[in-house]
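# Coordinate inspection notes
Take a look at the letters that make up each chain.
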Amino acid sequence: MRLILLGVPGSGKGTQGAILSSQWQIPHISTGEILRQAIANQTALGLKAKAYVEKSELVPDYLIFDLIRQRLTAPSTQRGWILDGFPGNLSQAQFLDQLLATLGQSYNRVFSFYVPTDVLVQRWRQRGRSDDHPELICKRIEVYQEQTAPVIQHYRQQGCLTVINGDRPVEIVTHFLQTSFSDLSLTIQQKTVNTSERLINKERQILSD
Ligand SMILES: Nc1ncnc2c1ncn2[C@@H]1O[C@H](COP(=O)(O)OP(=O)(O)OP(=O)(O)O)[C@@H](O)[C@H]1O
Ligand SMILES: Nc1ncnc2c1ncn2[C@@H]1O[C@H](COP(=O)(O)O)[C@@H](O)[C@H]1O
């Protein structure tokens, strides 16, 4: 299972990523969370990323590329992963496409969380993370609209995007994610069955000719 979760700050990606990761036993890779931990632990990555995260700007791509390359080539991600907050811009999306092609892998689905602004405002107030004050939230939304929204368009054009209504109770959103995913599996399974049947019929026709 390989999923990408996108959505404005506070739309619920991290909440759902953690639930699905525990249910499916695959890593939840939140770039924001990894960066916050790296900053707290004062690692080399943290020291380089700190000034950007504190201003709610995207950290330079090369730092994120190294981080994602390390995670997606690690044994722990061989069974699958849930990406949360990555790709943050189009060059990161292109990097991911290339990395997955090199690894002979692909993502199953991209989910984009939609939550109305008035609901988001309440969530930011309640969460109270250090970057949840109005000035930094405005900055993250601006970054999202300018740099991350084109990523959503990229996946929409590839036909692998599902928009999720994130303004529902947590368990309902989880259920929707699971169901839309199993619907997708069913579609894929059905397509495989149809293709196999077509091939068998073609073989029969060739043999009888
Ligand atoms: N479906 C929901 N209903 C109500 N509250 C929710 C829901 N999903 C998440 N929340 C709450 O909203 C807040 C933001 O959620 P979360 O941290 O998962 O968002 P996020 O998209 O990961 O944000 P960010 O990109 O800023 O890290 C949290 O306090 C979380 O508990
Ligand atoms: N994909 C990313 N590219 C660059 N910088 C990123 C990325 N994801 C997160 N960041 C930085 O971390 C903070 C917090 O991210 P959340 O997704 O809101 O947890 C973000 O403002 C960037 O500075």
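Along each chain, residue indices are assigned from 1 in the same order as the chain's sequence is written. To label them, take the chains in the order written and letter them from A, then take the ligands in the order written and number them from 1. A pLDDT threshold of at least 70 governs which residues receive local features in this predicted model, and a stricter bar of 80 or more applies before side-chain atom pairs are shown or counted, although totals over entire chains, interfaces and linings include all residues. Only hydrogens and water are removed before side-chain values are computed, so all heavy atoms of the structure are retained for them.

The name recorded for the protein in an unreviewed UniProt entry is Adenylate kinase, from Sphaerospermopsis reniformis. UniProt positions are given in the numbering used here, feature names are shortened, and annotations may be inferred rather than shown by experiment. Per UniProt, the protein carries the Subunit (unreviewed entry) text "Monomer." Of the protein, the UniProt comment under Catalytic activity (unreviewed entry) reads exactly: "AMP + ATP = 2 ADP".

## Notes on the nonpolar core
Residues belong to a common nonpolar core when they are buried Ala, Val, Leu, Ile, Met, Phe, Trp, Tyr or Cys residues joined through side-chain atoms within 4.5 Å. Here the term buried applies to any residue with accessible area under 20% of the maximum for its type, exposed to any over 50%, and partly exposed to those in between, with areas from a 1.4 Å probe on protein chains only. Counting residues in hydrophobic clusters, the biggest one holds 36 residues, and the most contacted among them are I4, I68 and Y155. Note on conventions: DSSP H or I runs of at least 4 residues are helices, E runs of at least 2 residues are strands, and numbering of each starts at the N terminus. The set of elements that each furnish at least two residues to this core consists of β1 (2-7), α2 (31-40), α4 (61-72), β3 (81-84), α5 (90-103), α6 (117-127) and α7 (134-157). Contact between two residues is taken to exist if any of their heavy atoms lie within 4.5 Å; hydrogens are not considered. Once residues within four sequence positions are removed from consideration, I68 is found in contact with I29, T31, L83, F86, F95 and L99.

## Overview of the UniProt feature "binding site: AMP" (unreviewed entry) in the protein
Mapped onto this numbering, the UniProt entry annotates "binding site: AMP" (unreviewed entry) at T31, R36, E57, L58, V59, Q92, R129 and R140. Across 110 residues in sequence, these annotated residues place their C-alpha atoms as far as 25.3 Å from one another, rather than forming a single compact spot. Along the polypeptide, R129 turns up in the loop between α6 and α7. A residue is classified by how much of its surface remains accessible, and R129, at 25% relative accessible area, is partly exposed. On the secondary structure map, R140 appears in helix α7. Ignoring sequence-local partners within four residues, the contact set of R140 consists of P9, S56, R127, R129, D131 and D132. Pairs of N or O atoms within 3.5 Å make up the polar contacts considered here, provided that, within protein, one atom can donate a hydrogen while the other can accept it, and that residues adjacent in sequence are counted only when both atoms are side-chain atoms. Of the polar contacts made by the side chain of R140, one reaches the side chain of S56; its length is 3.4 Å.

## Considering unusual backbone geometry
For the bond from F86 to P87, the omega torsion is 0°, close enough to zero to count as cis. Positive phi values are uncommon outside glycine, yet Q42 reaches one of about 55°. In this structure, Q42 sits in the loop between α2 and α3 (44-54).

## Some thoughts on the site of ligand 2
The environment of ligand 2 is made up of 16 residues, and the closest members are T31, R36, E57, G85 and Q92. Residue V59 places a main-chain N or O atom 3.0 Å away from a nitrogen atom belonging to ligand 2. In this structure, a nitrogen atom belonging to ligand 2 sits 3.0 Å away from a side-chain N or O atom of Q92. Surface exposure here means Shrake-Rupley accessible area, sampled with a 1.4 Å probe, where a residue is shielded only by the protein chains that are shown. A total of 480 Å² of accessible area belongs to ligand 2 in isolation, and the protein chains cover 91% of it. Of the residues forming the shell around ligand 2, the biggest block, four residues, is contributed by α2. Counted by class, the shell around ligand 2 contains six nonpolar, six polar and four charged residues. Nearness is judged by heavy atoms alone; a residue qualifies as near a molecule or strand once a single heavy atom is within 4 Å of it. Think of it as three bins: nonpolar holds Ala, Val, Leu, Ile, Met, Phe, Trp, Tyr, Cys and Pro, charged holds Asp, Glu, Lys and Arg, and polar takes everything else, Gly as well.

## Concerning the sheet that holds β1
Hydrogen bonds along the backbone pair up the strands of a sheet, which may run parallel or antiparallel. Across the sheet, which stays open at both edges, the five strands sit in the order β2-β3-β1-β4-β5 with parallel pairing between neighbours. Each end of this open sheet is capped by a strand with a single partner; those strands are β2 (28-30) and β5 (161-165). Adjacent strand axes in the sheet meet at a mean angle of 20° when their direction is disregarded. Across the sheet, α2 is in contact with β2 and β3; its angle to β2 comes to roughly 70°. Strand pairing requires that DSSP identify at least two bridges connecting the strands. For helices, the fitted line uses only the C-alpha atoms of the stretch in contact; every axis is such a line through C-alpha atoms, and the angle between N-to-C directions lies from 0 to 180 degrees.

## Regarding the UniProt feature "binding site: ATP" (unreviewed entry) in the protein
When the UniProt feature table is mapped onto this chain, "binding site: ATP" (unreviewed entry) is found at G10, S11, G12, K13, G14, T15, R127 and R168. By the secondary structure assignment, T15 is in helix α1 (residues 13-24). Setting aside residues no more than four positions away along its own chain, R127 makes contact with G10, D132 and R140.

## Remarks on the pattern of salt bridges
When a carboxyl oxygen of Asp or Glu is within 4 Å of a side-chain nitrogen of Lys or Arg, the pair counts as a salt bridge. Applying the stated criterion across every chain, the model contains eight salt bridges. Among the ionic pairs, E54 bridges to K50, the shortest N-O distance being 2.9 Å. With E54 and K50 both in helix α3 and four residues apart, the pair spans about one turn of that helix. Look at E54 and you get partly exposed, because its relative accessible area is 47%. Here K50 falls in the partly exposed class, since its relative accessible area comes to 34%. Of the charged contacts, one joins R127 and D132 as a salt bridge, the two residues approaching to 2.7 Å between their closest N and O atoms. Given a relative accessible area of 40%, R127 falls into the partly exposed group. Residue D132 is classed as buried on the basis of its relative accessible area of 9%. Linked through salt bridges whose partners overlap, the residues forming this network are R127, R129, D131, D132 and R140.

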